[in-house]
Amino acid sequence: MESLDLFGLIHQYGAVGYTASIIVFIALGYLGVPFVLWAIAILAVLYGLAVPMTAIYVVAAVLAIFVIKPIRQILVSKPLMGLMKNFIPSISDTERTALEAGVVWAEQELFSGKPNFKKLINEPYPELTDEEKNFIDNTTDELCEAIDEWKVWKERGLSDEVMKMIKEKGFLGMIIPKEHGGLNFSASAHGEVIAKLSSRSLTAGITVMVPNSLGPAELLNHYGTEDQKKKYLPRLASGEEVPCFGLTEPTAGSDAGSITSYGVLFKGDDGRLKIKLQWNKRWITLAAISTIIGLAFRLRDPENLLGQGEDLGITCALIPSKTPGVVIGRRHDPLGVPFYNCPTQGHDVVVDAEEAIIGGVKNAGNGWTMLMESLGAGRGISLPSQSVGGLKLVTRVTSAHASVRKQFGLPIGKFEGVEEPLARIVGANYYIDAMRQYTFGALNRGIAPPVITAMCKYYSTEAYRKAVNDGMDIVGGAGISLGPRNVIAQGYIAAPIGITVEGANILTRTLIIFGQGALRAHPYAFKEVDAIGKKDAKAFDDAFWGHIGHITRNKMRSFVLSVTRARFAMTPVGGPLKRYYQKLAWASASFAIMSDMAMGLLGGKLKVKEKITGRFADILAWMYIGTSVLRRWEAEGRRKEDLPLVHYSMQEVFKNIQQGFDGIFSNFDVPVIGWFFKYPIKCWSRLNRIDSDLSDKLSHKVADMILNDQDVRDRLTHGIYLPLDNKEEALGRLENAYKLAKQTEGLVKKVKKAQRAKKLEKAPILKVLDEAVKQNVLTQQEADLVKEAETAILDTIQVDDFSEEQYVANKVI
């Protein structure tokens, strides 16, 4: 009765009473209380405001319909389900397979509007075993040392010796279990090998990457029969078999489900089921040198031999390359990067069905499921690791170059115009590797969330493309002059390849990350669509009313967090990063309610509103990147010296989140209320921004760290191949010059000070060293060190040139 007396008192105070009632409802919505408590609260408020009892009884009767589930299902949910069937877009079989493949993970928390950050920042962080470390630090270094990347570039491929080492050392069997002769590496170790190889040679990195990603080994591991595993896996692990996987075709690229290659089931003279295959594939890595082809094709059964109808669907099979009718040997030229990327055709290729279909005849037609489940893991390892290897290499090269290259008497790293792109490179290095490592933590445990891995693929390859452009700007003429002295130009040339493969980035951003994420990660959306498709009124009732509660809670949370700027949001940690958790909570609530509004108001049209879905994808992905950065700082022991990197990364996170919301509000073209988002909401969002301007002071700190703190340089570039002891190597030569430049900075300042005081003539430093010793500006030992440094620097900044014969021959002479 005390609560009713309270409402009676509220009624006596008029406007105060109504205001208090509103606050009560906001609190209920914010807390996400069950609907029955809403009903009680509504009746209590009506009673407290002295509403006539007759009216209260009527309201109570209406509320009872919604509170009592069996009544609600019959009177409300079932008719509503029938109505919504006309507005909800149907899901094709291929879409359903993609949606049901893999699992959801951290993205579900971010999509919820109320993420559990305590859970997210306590997710296991990846660690390498001693065996894995040894392979990465020693075996992989040996392979890198054996590769002359300029020779690979000019002679259009890896040498026979390098290919032999790749096979014999087990690089092609990283994902194959030990019982079948493989290394059975974790996702982390697999990724670190790819990152290191890619920092040395893109061709070698790709050659090793592909057999360990989507292909015969991965498919056999998960779906092969025991006979198939025993036959192929040991030979794949040893390199006796070189695999490729044929998926893409002239008319089926990103839309892989539209492949036209086909096979026809028939019964052979021996009574066994056979398949006659026809295919035309392109962009198939390693096809020209493959001995076994993993093939995706549509399987037909015109005689209904399996009793499942004529069109069995996409099927995956293993086809030995020497089978009559198989055509391999030709190559594409992917921007001059000389890895094998090839077409392949098959004309009337006949194989035994049970032996060829991965998993046997029982897996006929299950190929699309197999592909979707397998692609999720590989997409989070290979290209993100290749990108991180490239980011770390660009970080190392540009920081050294900016320290040794001088203009106007100063190292170019001293100029703010160079600091800015250098800070962008370092920031991307930090937050993209944070995302990769955080994702490895899931993949190592067998959790393969396809939406998360799609984010990793897209944002890592895009970050590398931007960073290598910045890197080319910093190194200038040294970057555009190809030759053995140039270690980043080939990565610059190759950047679009990573953007294009394993799902073109445009498709990945606009359709997969949010398109699939909206249904997979949303707590209720897919359940509703699935229930409608199955005509399951009970399941629809649970999902729909759960969804209504979800919307109510997030609407209130978004409002409260926006008005208060999330200052009072609970966080799992205090300290310097607390504010970032609060802002991510704010972003998540706003993202969740806007996602529901977009799905509800745009319905099936949202599928083709790719500019809108792309912006939603950006917000979701940058929330994930931000979470990864915060987890990295925790995992690495909360290093205070890394706070500038964390601050820089999180400001980049919120800048992109703000841009995403601005774009959505400006283009939320829905009837009636569209103007509300375009004007009042957009105006409020721009006045009450979630981001803050990146200060010049912060970018200076980040650039200064990578230029002058060797510990930071080593940590941020750990895992790439560094030939520090080989001054004949371009990177070894550059690192030596950088080291000497840092050692002699103080000595060079002494000489310049003496020149300003007119103790020494104004001339290049090498010309005044003898006089500097005579004038006691430097000791002889110091002068010798400066001479060594200046000589090394002068050598380092040279670029390659060629005779006409060498240039025209286009090979190493």
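Counting restarts for each chain: residues are numbered from 1 in the order of the written sequence. pLDDT decides what is reported in this predicted model: residues at 70 or higher carry local features, side-chain atom pairs at 80 or more are listed and counted, and totals for whole chains, interfaces and linings draw on all residues regardless. Derived side-chain values reflect all non-hydrogen atoms in the structure, with water molecules and hydrogen atoms excluded from consideration.

(A) Geometry of the environment of Phe 117. Counting from the N terminus, the helices are the DSSP runs of H or I reaching at least four residues and the strands are the DSSP runs of E reaching at least two. Within the fold, Phe 117 resides in helix H8 (residues 117-120). On a C-alpha basis, the gap between Phe 117 and Ser 382 in space is 28 Å, while along the polypeptide they are 265 residues apart. We call two residues in contact whenever any of their non-hydrogen atoms come within 4.5 Å of each other. In contact with Phe 117, not counting residues within four places along its chain, are Pro 572, Tyr 581, Leu 584, Ala 585 and Thr 627.

(B) How the structure looks around a nonpolar patch on the surface. Taken together, the side chains of Val 36, Leu 37, Ile 40, Val 67, Ile 68, Ile 71, Ile 74 and Leu 75 make up a nonpolar region of the molecular surface, amounting to roughly 670 Å² of accessible area. Every element with two or more residues in the nonpolar patch is listed here: helix H3 (35-48) and helix H5 (69-84). Structurally, Val 67 is set in helix H4 (residues 53-67). Buried means the residue's accessible area, taken with a 1.4 Å probe over protein chains only, is under 20% of the maximum for its type, while exposed means over 50%, and partly exposed covers the values in between. Judged by its relative accessible area of 30%, Val 67 is partly exposed. Patch definition: residues with relative accessible area over 30% and no salt bridge; like charges joined within 9 Å; nonpolar side chains (Val, Leu, Ile, Met, Phe, Trp, Tyr) joined within 5 Å. Using a 1.4 Å probe, the Shrake-Rupley method yields the accessible areas, and only the shown protein chains count as cover for residues. The salt bridge definition used is simple: a Lys or Arg side-chain nitrogen within 4 Å of an Asp or Glu carboxyl oxygen.

(C) Quick look at the pattern of salt bridges. If you walk through the whole model with that rule in mind, you get 41 salt bridges. Notably, a salt bridge pairs Glu 109 with Lys 119, separated by 3.7 Å at the nearest N-O pair. Pair noted here: Glu 109 is in helix H7 (residues 106-112) and Lys 119 is in helix H8, with a separation of ten residues, a long-range link. Accessibility expressed as a relative area gives 17% for Glu 109, which makes it buried. Residue Lys 119 is classed as partly exposed on the basis of its relative accessible area, which comes to 44%. Residues Glu 790 and Lys 406 are paired through a salt bridge, measuring 3.8 Å at the closest nitrogen-oxygen approach. One end of the pair, Glu 790, is in helix H35 (residues 780-796); the other, Lys 406, is in strand S8 (residues 406-407), with 384 residues separating them in the sequence. Using a relative accessible area of 28% as the deciding quantity, one classes Lys 406 as partly exposed. Taken together, the salt bridges that share partners define one network made up of Glu 192, Lys 392, Asp 433 and Arg 436.

(D) Local environment of the packing of aromatic side chains. Pairing of aromatic rings covers Phe, Tyr and Trp, the last counted by its six-membered ring, and requires centre-to-centre distances within 6.5 Å; plane angles under 30 degrees mean stacked, over 60 mean edge-to-face, and any other angle means tilted. Counted according to the given criterion, the structure contains 24 aromatic pairs. Aromatic side chains Phe 591 and Phe 616 sit 5.9 Å apart centroid to centroid with 70° between the ring planes, which places their arrangement in the edge-to-face category. Of this pair, Phe 591 sits in helix H26 (residues 578-602) while Phe 616 sits in helix H27 (residues 610-635), and the two are 25 residues apart along the sequence. On the basis of relative accessible area, Phe 591 is assigned to the buried category, the value being 0%. A ring pair is formed by Phe 665 and Phe 677, whose centres lie 6.4 Å apart and whose planes are at 20°; its orientation type is stacked. Highlighted residues: Phe 665 in helix H28 (residues 643-666) and Phe 677 in helix H29 (residues 674-687), separated in sequence by twelve residues. This pair shows no difference in class: Phe 665 is buried, exactly as Phe 677 is. An aromatic cluster is present here, built from Phe 661, Phe 665, Phe 668, Trp 675, Phe 676 and Phe 677 joined pairwise through their rings. Charge-over-ring placement is defined geometrically: NZ (Lys) or CZ (Arg) within 6 Å of the ring centre, and within 35 degrees of the ring normal. Above the plane of the ring of Phe 654 lies Lys 583, whose end atom (NZ or CZ) is 5.6 Å from the centre. Taking the ring centre of Tyr 738 as reference, the NZ or CZ of Arg 713 above it sits at 4.0 Å.

(E) Representation of unusual backbone geometry. The phi angle at Asn 304 is positive, at roughly 55°, despite the residue not being glycine. Secondary-structure assignment places Asn 304 in the loop between strand S4 (292-300) and strand S5 (311-320). A positive phi angle, close to 55°, is found at Glu 502, a residue other than glycine. You can see Glu 502 is positioned in the loop between helix H22 (489-500) and helix H23 (505-520). Taking relative accessible area as the criterion, Glu 502 reaches 23% and is therefore assigned partly exposed.

Limitation: the analysis is restricted to geometry and does not speak to function.
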